[in-house]
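# A look at the structure
Here is what each chain is made of, one letter per residue.
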Amino acid sequence: MIQTIEASPDEIYDIELEHSLLEANARLAKENRILLDGHGITGIDIMGAIGSGKTTLIGRLVAKLKDRLGVAVFNGDATTSSDADLIAAQKVPVVQIATVNGCHLDANLVAKALRKIDLDGLRLIFIENIGNLICPAEFPLGSKARVVVVSVTEGQYMVRKHPHMFLGAHLVVINKVDLAEAMNVSVAQLAEDVRILKPDIKVIPTSCKAGTGLDEVAAELLAI
Ligand code: MG
Ligand code: ZN
């Protein structure tokens, strides 16, 4: 069963990046983190462009992990429930966070989603952000780690064009590497672009289609 929460109008339209708003968000994010820490849960914020493969990656990781530990998923989506439906088929707790065309998740929406599920027994919560590489970076959610998914289908310069997003990330997944040759994109150069921005960051190439790199991503997330 999928539960749904929806942004109310004041939550949608009040998104100018005013200092007070960002401060309020940061405060709520801290509260989310305290709540998660208190339950021994690691929140993982999955960010990336539309079509980068966030939902598929989460689905593959859930399939790998759900029999070993408690996993839940929050799917941020501007309008549809297609992502949440996909994950819910795996019989794990899912909350769809409908932002009603809002272009990012915020800590308030995540706080509301956290109130929808039983936190006891959970070890990981994947939080799929809205497909957007700009403003999600400004809004911490209370997660312990932020993962950016970039796929080779987005071209060679995604990392250089969105440095802010990568600077705030703990892990970068370069997805759809099975298509790199067809797209004429160098995975090594994408990884190098990330390392130039943030030398100590972990970069893992994956193909959700072929199943490569997924064990490494799972191990990395469990070690956080
Ligand atoms: Mg998705
Ligand atoms: Zn936004």
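If you're wondering where the values come from, they're calculated on a predicted model, not measured in any experiment. (Residues numbered from 1 in each chain as written. Chains lettered and ligands numbered in written order. Predicted model: local features only at pLDDT ≥ 70, side-chain atom pairs only at ≥ 80, totals over all residues. Heavy atoms only, no water.)

## Concerning the coordination of the magnesium ion (ligand 1)
Keep this limit in mind: Here a donor is an N, O or S atom found within 2.8 Å of the metal, or within 3.2 Å if the metal is Na, K or Ca; sites may look incomplete because water is not among the atoms. Every helix listed is a DSSP run of H or I at least four residues long, and every strand listed is a run of E at least two residues long, numbered separately from the N terminus. Only protein chains enter the area calculation, which uses a 1.4 Å probe; residues under 20% of their type maximum are buried, those over 50% are exposed, and those in between are partly exposed.
Every protein donor of the magnesium ion (ligand 1) is accounted for by Thr-55 (OG1), Asp-83 (OD) and Glu-128 (OE), and the metal-donor separations fall at 2.0 to 2.1 Å. Linear spacing of the donor residues for the magnesium ion (ligand 1) on their chain is T-x27-D-x44-E. One end of the pair, Thr-55, is in helix H3 (residues 54-65); the other, Glu-128, is in strand E5 (residues 122-128), and 73 residues separate them in sequence. Given a relative accessible area of 3%, Glu-128 falls into the buried group.

## A closer look at unusual backbone geometry
In this structure, Lys-91 is a non-glycine residue whose phi angle is positive, near 60°. With respect to the element layout, Lys-91 can be found in the loop between helix H4 (82-88) and strand E4 (94-98). The phi angle at Asn-184 is positive, at roughly 55°, despite the residue not being glycine. Within the secondary structure layout, Asn-184 lies in the loop between helix H8 (180-183) and helix H9 (187-197). For Asn-184, a relative accessible area of 69% corresponds to the exposed category.

## Brief notes about the environment of Val-73
Positionally, Val-73 belongs in strand E3 (residues 70-77). Taking the relative accessible area as the measure of exposure, Val-73 reaches 0% and is therefore buried. Measuring from C-alpha to C-alpha, the distance between Val-73 and Lys-91 comes to 11 Å, with 18 residues separating the pair along the chain.

## Re the pattern of salt bridges
As a reminder of what qualifies: In what follows, salt bridge is the name for a side-chain nitrogen of Lys or Arg lying within 4 Å of a carboxyl oxygen of Asp or Glu.
Following the criterion strictly, the structure yields five salt bridges and no others. Note that Asp-45 and Arg-146 form a salt bridge whose closest N and O atoms lie 2.6 Å from each other. With Asp-45 in strand E2 (residues 42-48) and Arg-146 in strand E6 (residues 145-151), the pair connects residues that are 101 residues apart, well separated along the chain. Judged by relative accessible area, Asp-45 falls into the buried class, the value being 0%.

## Re the coordination of the zinc ion (ligand 2)
Coordination of the zinc ion (ligand 2) by the protein involves Cys-103 (SG), His-104 (ND1) and Cys-135 (SG), with metal-donor separations of 1.9 to 2.2 Å. Mapped onto the sequence, the residues coordinating the zinc ion (ligand 2) show the spacing C-H-x30-C. Placement of the pair is Cys-103 in the loop between E4 and helix H5 (107-114) and Cys-135 in the loop between E5 and E6, with a sequence separation of 32 residues. Classification of Cys-135 as buried rests on a relative accessible area of 11%.

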